[in-house]
Amino acid sequence: MRAEETSQVRPPRGHRLTATDVTVAYDGTPVVHQADVTLRPGEVTVLAGPNGSGKSTLLRTMARLQQARGGSLTLSDDHTDGARETDALALTAREFSCRVALLTQARPTPSGLTVRDVVEFGRYPYRGRWGKADPAGPAAVDRALALTGTTGLADRGAEHLSGGQLQRVWLAGCLAQETGVLLLDEPTTYLDLRYQVELLDLIRDLADDHGIAVGVVLHDLDQTAAVADRVVLLHDGRIVADGAPAEVLTPQRLTAAYGIRIEVDTDPLTGHLRTRAVGRHHTRTTPERLIPSS
Ligand SMILES: Nc1ncnc2c1ncn2[C@@H]1O[C@H](COP(=O)(O)OP(=O)(O)OP(=O)(O)O)[C@@H](O)[C@H]1O
């Protein structure tokens, strides 16, 4: 996931993915209520919020893995004149998969497959059930391996990888899909600090240099502040704020959503917002002058 490797991606191909008035229920109980989210080409949108607030459900619904009870999902290609809107729910699975890729939270450990085999799964929408020719496939797989720093693992058995290596391999599979929209559910899980930072850099590169619309669920609010153009904050299945990080990541909004005192300041090193959750024992062990008043 090094900077020089990112130059190997293709030209801009981002799509706009819009969920409007989406409600999702499990067993009749709504867990996402009338959500409106737009993922724009060249932007990173982070879905944030406490456990159980509906982030994954909303992301999976935007990936068509979860059926909505109501609402609509549209795709539009902002590169063509007079951007055409397409009903994303009316596309075939293959048509949709050429436009939108999802890195899910739960991923199986493949057995008997090499890393390259796993990444090649990302090409399935281009090959179809009967193994249609995919002349662009090998180069796309090579690019995806390079972008995720997994080229050196390509011939290894995937079942022998560490959790973090496997995470990058599944991400490579999503990149090999070469979609205009990339949805990532907690992609930094299992990654050590270096790869977390490199993954966030890669996400920014995909948006900035290649125009991809990225929607990502993140728990870490500092990572959110560092990578996001927009933050969608969920609480109890409802979107309670949607805007630039500085508008959404405020002590008041975060404290209300997470139910714990959260302070926000600016990191002098990076210039990004920095958050601190203040626990019961925090003031006992930390000089009061270090904790900004609410
Ligand atoms: N398959 C399911 N069947 C029934 N309820 C579910 C299912 N998946 C999630 N839920 C419930 O839906 C709500 C939203 O869950 P979801 O996983 O979308 O939240 P989340 O914000 O992604 O949570 P987390 O941060 O813990 O991953 C929760 O109350 C959860 O218990």
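Quick caveat, the model's predicted, so the values are computed rather than measured.

Moving on: the sheet that holds strand S9 (residues 230-235). The mixed open sheet is built from 6 strands, whose spatial order is S6-S7-S8-S3-S9-S10. Both outer strands of the open sheet, strand S6 (100-103) and strand S10 (238-243), are each paired with one neighbouring strand and no more. Between one strand axis and the next, the sheet turns through 15 degrees on average, direction left out of account. Relative to S9, strand S3 (residues 44-48) runs parallel, the two being bridged by 4 bridges. Bridge pairing in S9 links Leu 47 to Val 232.

Counted as a void, the largest pocket has a volume near 420 Å³. Surrounding the largest pocket, 19 residues form its lining, Ala 101, Leu 102, Tyr 124, Cys 174 and Gln 177 being those nearest its centre. When contributions to the lining of the largest pocket are tallied by element, the ones reaching two or more residues are helix H2 (93-97), S6 and helix H6 (163-176). Here the lining of the largest pocket is composed, by residue class, of 12 nonpolar, 5 polar and 2 charged. In this structure, the second largest pocket occupies an estimated 280 Å³ of space. Lining the second largest pocket are 15 residues; nearest its centre among them are Leu 200, Asp 222, Gln 223, Ala 226 and His 272. The element that contributes the greatest number of residues to the lining of the second largest pocket is helix H7 (residues 193-210), accounting for 6 residues. Here the residues of the lining of the second largest pocket sort into 6 nonpolar, 4 polar and 5 charged.

Note: strand S11 (residues 262-266) against strand S12 (residues 273-277), 5 bridges, orientation antiparallel. Looking across to S12, one finds that Glu 263 is bridged to Arg 276. Between S11 and the antiparallel strand that follows it, S12, lie 6 residues; Gly 271 among them carries a positive phi value of about 80 degrees.

Residues of S6 alternate between two faces, with Val 100 and Leu 102 on one and Ala 101 and Leu 103 on the opposite face, all of them buried. Where S6 lies against strand S7 (residues 181-185), 4 bridges are found, and the strand directions are parallel. Opposite Val 100, over in S7, you have Val 181 as the bridge partner.

Right, let's get into the confidence of the model for the chain. Looking at the chain, the pLDDT average stands at 89 and 88% of residues meet or exceed 70. Across residues 2-12 the pLDDT falls below 50, and counting only partners more than four positions away or on other chains, this stretch makes 20 contacts in the model.

Here we take up the site of the ligand. For the ligand, the set of nearby residues contains 13 residues, the closest of which are Asn 51, Gly 52, Lys 55, Ser 56 and Thr 57. Residue Gly 52 places a main-chain N or O atom 2.8 Å away from an oxygen atom belonging to the ligand. The separation between an oxygen atom of the ligand and a polar side-chain atom of Lys 55 is 2.7 Å. Here the ligand has 630 Å² of accessible area as a free molecule, and 59% of this is covered by the chains. By residue number, the principal contributor to the shell around the ligand is helix H1 (residues 55-62), which donates 3 residues.

What counts and how
Residues numbered from 1 in each chain as written. Predicted model: local features only at pLDDT ≥ 70, side-chain atom pairs only at ≥ 80, totals over all residues. Heavy atoms only, no water. Pairing = 2+ DSSP bridges. Helix = DSSP H or I, 4+ residues; strand = E, 2+ residues; numbered from the N terminus. Axes fitted to C-alpha atoms, helices over the stretch in contact; angles between N-to-C directions. 1 Å grid on protein atoms, 1.4 Å probe; cavity = no way out; pocket = protein on both sides within 12 Å on 5 of 7 lines; lining within 4 Å. Points joined across faces, edges and corners; volume = space filled by probe spheres on them. Nonpolar A, V, L, I, M, F, W, Y, C, P; charged D, E, K, R; others polar. Buried < 20%, exposed > 50% of the residue type's maximum accessible area, 1.4 Å probe, protein only. pLDDT = per-residue confidence, 0-100. Contact = heavy atoms within 4.5 Å. Near = heavy atom within 4 Å. Polar contact = N/O pair within 3.5 Å; in protein donor to acceptor, adjacent residues only side chain to side chain. Areas by Shrake-Rupley, 256 points an atom, 1.4 Å probe, with all protein chains shown as cover.

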